[in-house]
Amino acid sequence: MLTITKQQIFQIRKNCGFNEEIKEECVQWVTGDNSRTSLKTLSYDEANKIIAAQTGKPAKTENWAYFDKRNEKHRVILSLLRQAGWTVPNERHGTVPDLERFSNFLKGVKSPVKKPLKKMIDTELEKTIVALRGIVGHTYKKKK
């Protein structure tokens, strides 16, 4: 579970008008624990829930599909996303891999490794590549 970020802490405090009592009430509300008052004890998702309630905008989910363009296995994954048809239109580049869909896949039940792409070690990346190759194979099997 990821912890709250500095940006989230600042955003929540700003939305509370830097009022400590309001901030503490937000922490207690989201955790359901009246003894907790510190923002630093919150998870990333709990912080997003507070920000969403404060702003009226839907909560952001963490993107697990950040790539390292120098990592060969990450480039293979990008290629497999294109082959599977997991793409979205882009004004500048035509079509690009759908990273939101891939991020949701990594968080889902069908993912072989449930962790952000940049935190995966080589063996975990290989498991993800094998799963994506299966998706590509299944995609083309359907079209025949």
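## Here we look at the overall build of the protein chain
If you tally the helices and strands in the protein chain, you get six helices and two strands. Going from the N terminus to the C terminus, the protein chain shows its helices and strands as α-α-α-α-β-β-α-α. Relative to the compact-globule value of 15 Å for 144 residues, the protein chain shows a C-alpha radius of gyration of 19 Å, a clear excess of over 25%. Counting the 144 residues in the protein chain, one finds 33% classified as buried. Of the contacts made within the protein chain by residues no fewer than 6 positions apart, 49% connect residues no fewer than 24 positions apart. Here the protein chain displays about 9,800 Å² of accessible surface, and carbon together with sulfur accounts for 52% of that area. For the protein chain, the distance from the average position of its 28 positive side-chain charges to the average position of its 16 negative side-chain charges is 9 Å.

## With respect to unusual backbone geometry
Although it is not a glycine, phenylalanine 18 adopts a positive phi angle of roughly 55 degrees. Along the chain, phenylalanine 18 falls in the loop between α1 (6–15) and α2 (20–31). Phenylalanine 18 gets classed as partly exposed once you look at its relative accessible area, which sits at 46%.

## Digging into the nonpolar core
Grouped together as the largest cluster of nonpolar side chains are 18 residues, with contacts concentrated most on Ile77, Phe102, Leu117 and Leu132. Elements that contribute at least two residues to this core include exactly α4 (72–84), α5 (99–107) and α6 (122–143). When residues no more than four places from it in sequence are discounted, the contact partners of leucine 117 are Trp64, Tyr66, Phe67, His74, Ile77, Phe102, Leu106 and Leu125. Listed in part, the twelve residues of the second largest apolar core include Ile4, Cys16, Leu39 and Leu42.

## Observations concerning the packing of aromatic side chains
One pass over the structure, following the stated rule, counts four aromatic pairs. Taking the centre distance of 6.0 Å and the plane angle of 25 degrees together, the rings of phenylalanine 67 and phenylalanine 102 count as stacked. Placement of phenylalanine 67 in the loop between α3 (44–55) and α4 and of phenylalanine 102 in helix α5 is noted, with a sequence separation of 35 residues between them. Each member of the pair, phenylalanine 67 together with phenylalanine 102, is buried. Measuring from ring centre to ring centre gives 6.2 Å for phenylalanine 102 and phenylalanine 105, while their planes differ by 20 degrees; the resulting arrangement is stacked. Taken together, the residues phenylalanine 102 and phenylalanine 105, both in helix α5 and three residues apart, mark about one turn of the helix. Of the two residues, phenylalanine 102 and phenylalanine 105, both sit in the buried class. Over the ring of tryptophan 29 we find lysine 49, and its NZ or CZ is 5.5 Å from the ring centre.

## Let's talk about the confidence of the model for the protein chain
Residues at a pLDDT of 70 or more form 95% of the protein chain, whose mean pLDDT is 90. For the protein chain, the element scoring lowest by mean pLDDT is α3, at 88; α4 scores highest, at 96.

## Section: the pairing of strand β2 (residues 94–97)
Taken together, the four bridges between strand β1 (residues 87–90) and β2 define a ladder with antiparallel strand orientation. Its bridge partner being in β2, threonine 87 is matched across the sheet by proline 97. Taking the residues between adjacent antiparallel strands as the criterion, β1 and β2 are bridged by three residues.

## What about the packing of α1 against α3?
Interaxial distance between α1 and α3 falls to 10 Å at its minimum, and their mutual angle equals 30 degrees. Between α1 and α3, the crossing angle belongs to the class labelled roughly parallel. Here the hand of the crossing between α1 and α3 comes out left-handed. Residues Gln8, Gln11, Ile12 and Asn15 of α1 pack against Tyr44, Ala47, Asn48, Ile50, Ile51, Gln54 and Thr55 of α3. Counted by class, the contact of α1 with α3 contains five nonpolar, six polar and no charged residues.

About the cut-offs
Residues numbered from 1 in each chain as written. Predicted model: local features only at pLDDT ≥ 70, side-chain atom pairs only at ≥ 80, totals over all residues. Heavy atoms only, no water. Helix = DSSP H or I, 4+ residues; strand = E, 2+ residues; numbered from the N terminus. Rg over C-alpha atoms; globule rule 2.2 N^0.38 Å. Buried < 20%, exposed > 50% of the residue type's maximum accessible area, 1.4 Å probe, protein only. Contact = heavy atoms within 4.5 Å. Areas by Shrake-Rupley, 256 points an atom, 1.4 Å probe, with all protein chains shown as cover. Lys, Arg positive; Asp, Glu negative; His and termini not counted. Charge placed at Lys NZ, Arg CZ, Asp CG, Glu CD. Core = buried A, V, L, I, M, F, W, Y, C linked by side-chain atoms within 4.5 Å. Phe/Tyr/Trp six-rings, centres within 6.5 Å; stacked < 30°, edge-to-face > 60°. Lys NZ or Arg CZ within 6 Å of the ring centre and 35° of its normal. pLDDT = per-residue confidence, 0-100. Pairing = 2+ DSSP bridges. Axes fitted to C-alpha atoms, helices over the stretch in contact; angles between N-to-C directions. Parallel < 35°, antiparallel > 145°, perpendicular 65-115°, else oblique. Left-handed = near helix turned anticlockwise from the far one by under 90°. Nonpolar A, V, L, I, M, F, W, Y, C, P; charged D, E, K, R; others polar.

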